[in-house]
Amino acid sequence: MNGIRRRPNLLPLPGVSSGFHMWNDRPNPTRREMLAGAVAVAMAPVIFSGADAQAADVENPLVIDTHQHLWDPAKSMQPTIVKSSGVHRPLYGPVEYAEATRGLNVKAVYMEVDSPADQRAAEAEYAIGLCHDRTQATIAAVIGAWPDDPALAAFIERFKPGGFVRGIRQVLHASTTPPGMCLKDEFVRGIQFLGKQELSFDLCMRPAELSDGLKLSHLCPDTRFIVDHCGNADPVAFLAHPPAGLKPAHDAEVWKRDMAALAKRPNVICKISGIVARAPEMWSAEMLAPIVDHCLDSFGPDRVVFGGDWPICLKRTSLGNWIEALKQIVAPRPVIEQRKLWADNAMKWYKLAVG
Ligand SMILES: [Zn+2]
């Protein structure tokens, strides 16, 4: 489905790096990298360096991070995502995000953080407030709501008019959410309602239940869906020899089949995000490549978007290292397809205006 080209040997990128370097301004390699084959970096194509790219783009190309989590306890937000993520700092706000993306030309779509039901209005207000603040990166928001909540319409009516809300998410992989939940009548009706409101729904579910997402996309053909985190694929499932003690969370072939089926749905796109957070401790770009490649090949260049999933990615590494790894993985693809992944598709999908 694409003319994939040879990829240079990918560098190991374990650990958390405090520095951040985009595209072609990579710092001098460490001795470890040199030993690991830093020549690969020198040989890797420079991203967005096509003749049609504007000079400013080449220096600092736009990145749309479609999965930005922020939380602030001063705004009454106690997201359960904090407990489950292993990321414990009480405050991850726009200042911290700016530091994490220093050197990047980034704009972001806020992603809800699984706040308790009674704090979801406060969270939506917080996210929309960020969008109003032109000094920071957030320019649109996906807010949290249960699609089967009888109060969904009122919630949407309250927060949609400002023009910043693009969609709704309710994570479906929580231990309290049984399989098949998203196929219940009330849930389906809520998702159909979102379609009428021109709002999307993020499918964030256990990889073994992606077929439920597929059924939902058939039941709601006028609603747009985003498959979060490459279908929550587990990098361990793709290792020929997993590290001792690590068991894959799902079957790789079933995931491949289900993602390919989702990709056939015209109302579904895929978010390339999240996978680094669950990678083994000694992870590498190479380890993530089978997942990214299958998503990109299945969904095609026009229906994939990038997501940082910061600060959850800090479970394993910095946002900069995740971007660097993805940059290496997609380096063999045409520059125009890379540009679509990093920014253009998200601009279209979310109808974003940057400037
Ligand atoms: Zn996330």
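Refer to the structure above for everything that follows.
To start, this report covers the structure provided alongside it. Being a predicted model, the structure only gives us computed values, none of them experimental. (Residues numbered from 1 in each chain as written. Predicted model: local features only at pLDDT ≥ 70, side-chain atom pairs only at ≥ 80, totals over all residues.)

Points about the nonpolar core
For step 1, the next point in the chain: The biggest cluster of nonpolar side chains holds 93 residues, and the ones touching the most others in it are Ala141, Leu288 and Cys295.
For step 2, the next point in the chain: Leave out the neighbours within four places in its chain, and Leu288 touches Pro235, Ile275, Val276, Ala279, Ala325 and Ile329. (Core = buried A, V, L, I, M, F, W, Y, C linked by C-beta atoms within 7 Å. Buried ≥ 20, exposed ≤ 12 C-beta atoms within 10 Å, placed from the backbone. Contact = placed C-beta atoms within 7 Å.)

Examining the environment of Val227
For step 1, the next point in the chain: With respect to the helices, strands and loops of the structure, Val227 is situated in strand E6 (residues 225–227).
For step 2, the next point in the chain: Exposure remark for Val227: the 30 C-beta atoms within 10 Å place this residue in the buried category.
For step 3, the next point in the chain: In this structure, the C-alpha to C-alpha distance between Val227 and Asp202, residues 25 residues apart in sequence, is 6.1 Å.
For step 4, the next point in the chain: Setting aside anything within four residues of it in sequence, one finds Val227 in contact with Leu203, Gly213, Leu262, Val268, Cys270 and Lys271. (Helix = DSSP H or I, 4+ residues; strand = E, 2+ residues; numbered from the N terminus.)

What to know about the packing of helix H12 (residues 285–299) against helix H13 (residues 319–330)
For step 1, the next point in the chain: The geometry of H12 relative to H13 is characterised by a closest axis approach of 9 Å and an angle of 60° between their N-to-C directions. In terms of orientation, H12 lies oblique with respect to H13. Between H12 and H13 lies a crossing of right-handed hand. For the pair H12 and H13, the contacting residues are Ala285, Leu288, Ala289 and Val292 in the first and Ala325, Leu326, Gln328 and Ile329 in the second. (Axes fitted to C-alpha atoms, helices over the stretch in contact; angles between N-to-C directions. Parallel < 35°, antiparallel > 145°, perpendicular 65-115°, else oblique. Left-handed = near helix turned anticlockwise from the far one by under 90°.)

Details of the sheet that holds strand E4 (residues 165–169)
Two strands in a sheet stick together by hydrogen bonds in their backbones, pointing the same way (parallel) or opposite ways (antiparallel).
For step 1, the next point in the chain: Read across the open sheet, the eight strands follow the order E1-E2-E3-E4-E5-E6-E7-E8; overall the sheet is parallel. Here the strands that pair on one side only, and so sit at the sheet edges, are strand E1 (62–68) and strand E8 (304–306). Looking at each pair of strands side by side, their axes are set apart by 30° on average, direction ignored.
For step 2, the next point in the chain: Of the pairings in the sheet, the one linking E4 to strand E5 (residues 200–203) comprises three bridges and is parallel in character. Each bridged residue has a counterpart across the sheet, and for Gly167 the counterpart in E5 is Ser200. (Pairing = 2+ DSSP bridges.)

Examining helix H11 (residues 252–263)
For step 1, the next point in the chain: With twelve residues, H11 should cover 16 Å at 1.5 Å per step; its first-to-last C-alpha distance of 16 Å lies within 8% of that length.
For step 2, the next point in the chain: Turning to H11, its buried residues are Trp255, Asp258, Met259, Leu262 and Ala263. Burial along H11 is one-sided: seen end-on, the buried residues are contained in an arc of 140°.
For step 3, the next point in the chain: The inward-facing, buried residues of H11 abut helix H9 (210–219), E6, helix H10 (229–232), strand E7 (268–272) and H12. (Expected span 1.5 Å × (residues − 1). Arc of directions from axis to C-beta.)

Shape is all these values report; function is a separate question.
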